[in-house]
Amino acid sequence: MTKRPAPVKKYAALLRGINVGGNKKVPMAELRSVLEALGHGDVTTYLQSGNAVFSSAEQDPAALAREMEAAVEARFGFPVKILVLDGAYLRAVADACPFPAAELEGKQLHATFFSEQPGPERFAAFDPAAYHPEDYRIGDRVLYLYAPDGLGRSVLGAALHKPSVLKGLDATTRNWNTVVKLVELTAE
């Protein structure tokens, strides 16, 4: 009996902290070349903030992330944390959004993706009423943040994203417009 090849899946790779304020410069054309050299297909990038979409027969997103982190560091000379998320997961995150995403501007709603599910105790000290009208909810390896004045002015966002709160987690945030676009680009 011949072994069937693994099905090809669409993934998004979210690179954390690149191309911000002139630091950790990763040109998107070079990032595409790095991913193609790893054997991934259908490689595209979205915006300059470190979003790449690709297809792969590899079924383990964590293994893909480790491979990409090593390749990016080898090419650019600095470490970059990367979260790899498959299209089905991104669709589930969008579908489970506890806020009325269709009624909000993309800059008002954000998703912080985590490398693993945070325990409820991690955010237990944050009373959403104290930050009203800002609000947040925890989902499956994601934090949804409603910040009506945008992330840059969000007091709750700053508090939730402190290193002491996120210690031990790899996390990266995208605005809702980017989440929606990544869902579209990773659709099978």
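Shown above is the structure to which this text applies.
Residues numbered from 1 in each chain as written. Predicted model: local features only at pLDDT ≥ 70, side-chain atom pairs only at ≥ 80, totals over all residues. Heavy atoms only, no water.

Draft legend 1. Quick look at the packing of aromatic side chains. One pass over the structure, following the stated rule, counts eight aromatic pairs. When the ring of Tyr 11 is compared with that of Phe 54, the centres are 5.5 Å apart and the planes differ by 20 degrees; the resulting orientation is stacked. Placement of the pair is Tyr 11 in strand S1 (residues 9-15) and Phe 54 in strand S3 (residues 51-56), with a sequence separation of 43 residues. Under the relative-accessibility criterion, Tyr 11 is labelled buried at 0%. Counting every residue linked through ring pairs, the aromatic cluster contains Phe 114, Phe 123, Phe 126 and Tyr 136. The positively charged end of Arg 75 is found above the aromatic ring belonging to Phe 76, 5.0 Å away from the centroid. For the cation-ring pair, Arg 141 lies above Tyr 89, with the distance from its terminal atom to the ring centre recorded as 4.1 Å. (Phe/Tyr/Trp six-rings, centres within 6.5 Å; stacked < 30°, edge-to-face > 60°. Helix = DSSP H or I, 4+ residues; strand = E, 2+ residues; numbered from the N terminus. Buried < 20%, exposed > 50% of the residue type's maximum accessible area, 1.4 Å probe, protein only. Lys NZ or Arg CZ within 6 Å of the ring centre and 35° of its normal.)

Draft legend 2. Main features of the sheet that holds S3. Across the sheet, four strands lie side by side as S2-S3-S1-S4; this open sheet has antiparallel pairing. Two strands in the sheet have a free side with no partner beyond their single neighbour: strand S2 (41-46) and strand S4 (82-86). The mean inter-strand angle of the sheet, taken between neighbouring strand axes irrespective of direction, is 20 degrees. As paired strands, S1 and S3 are joined by six bridges and run antiparallel to one another. Residue pairing in the sheet places Ala 12 in a bridge with Val 53 of S3. The strands that helix H2 (residues 61-76) touches are S1, S3 and S4; relative to S4, the one it contacts most, it runs at about 145 degrees. (Pairing = 2+ DSSP bridges. Axes fitted to C-alpha atoms, helices over the stretch in contact; angles between N-to-C directions. Contact = heavy atoms within 4.5 Å.)

Draft legend 3. Local environment of the nonpolar core. By size, the foremost hydrophobic cluster in this structure holds 22 residues, and its most contacted members are Ala 13, Leu 31, Phe 54, Ile 82 and Val 84. Mapped by element, the contributors of at least two residues to this core are S1, helix H1 (28-37), S3, H2 and S4. Of the residues forming this core, the biggest block, six residues, is contributed by H2. Those residues in contact with Val 84, other than ones at most four positions away along the chain, are Tyr 11, Ala 12, Ala 13, Phe 54, Pro 61, Leu 64, Ala 65 and Met 68. (Core = buried A, V, L, I, M, F, W, Y, C linked by side-chain atoms within 4.5 Å.)

Draft legend 4. How the structure looks around helix H3 (residues 87-95). Along H3, the residues that are buried comprise Gly 87, Tyr 89, Leu 90, Val 93 and Ala 94. Looking straight down H3, one finds its buried side chains confined to an arc of 160 degrees; they lie on one side. Within H3, the exposed residues directed more than 90 degrees away from the buried face are Ala 88 and Asp 95. Two to three positions downstream of the cap, the backbone nitrogen of Ala 88 sits 3.1 Å from a side-chain oxygen, assigning the N-cap of H3 to Asp 86. (Arc of directions from axis to C-beta. Polar contact = N/O pair within 3.5 Å; in protein donor to acceptor, adjacent residues only side chain to side chain.)

Draft legend 5. Seen up close, the pairing of strand S7 (residues 142-146). Burial analysis of S7 places five of its five residues in the buried class, the great majority of the element. Burial of S7 is two-sided: the residues Val 142, Tyr 144 and Tyr 146 facing one way and the residues Leu 143 and Leu 145 facing the other way are all buried. Bridge analysis of strand S6 (residues 135-139) against S7 gives five bridges, and the strand direction is antiparallel. In the sheet register, Gly 139 faces S7, and the bridge partner there is Val 142. Linking S6 to S7, which pair antiparallel, is a turn of two residues; within it Arg 141 sits at a positive phi near 60 degrees.

This is a description of form; function is not addressed.
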